[in-house]
Amino acid sequence: MEIQNYYLKEFNYFDGENDITFNILDVNTEKMTITLAVTDQGKIYVIDELLFKDENQNLYFEYGLNFEKIKLNDFETVED
């Protein structure tokens, strides 16, 4: 599988109460992990999550109490 350049791509997610922004800092397909900068309610923090593959070999991670699947293909490049 060919890995795209994901660095700093962004995804906005609404968790039912708040808008959360994820920015990709690193994708490690050998360890199957992703490092993300998360902006939530004005706070910024860095997290590491496990990566999984769906039936189409698309990478995703699970987030939140409901383990919402967030696909890396849904992230977009942010233009200034």
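Check the entry above for the structure.
These notes cover the structure that comes with them. (Residues numbered from 1 in each chain as written. Predicted model: local features only at pLDDT ≥ 70, side-chain atom pairs only at ≥ 80, totals over all residues. Heavy atoms only, no water.)

1. Quick notes on the pairing of strand β2 (residues 19-28)
It is a general feature of regular strands that their side chains alternate between the two faces of the sheet.
Working step 1: As judged from the five bridges shared by strand β1 (residues 10-14) and β2, these two strands associate in the antiparallel manner. The residue of β2 that forms the bridge with Phe14 is Asp19.
Working step 2: Hairpin connection, β1 to β2: the antiparallel pair is bridged by four residues, and Gly16 has positive phi, about 105°.
Working step 3: As defined by bridge partners, β2 adjoins strand β3 (residues 33-40) across eight bridges and the pair is classed as antiparallel. Residue pairing in the sheet places Asn23 in a bridge with Ala37 of β3.
Working step 4: Here β2 folds back onto β3 in antiparallel fashion, the turn holding four residues, of which Met32 has a positive phi close to 55°. (Pairing = 2+ DSSP bridges. Helix = DSSP H or I, 4+ residues; strand = E, 2+ residues; numbered from the N terminus.)

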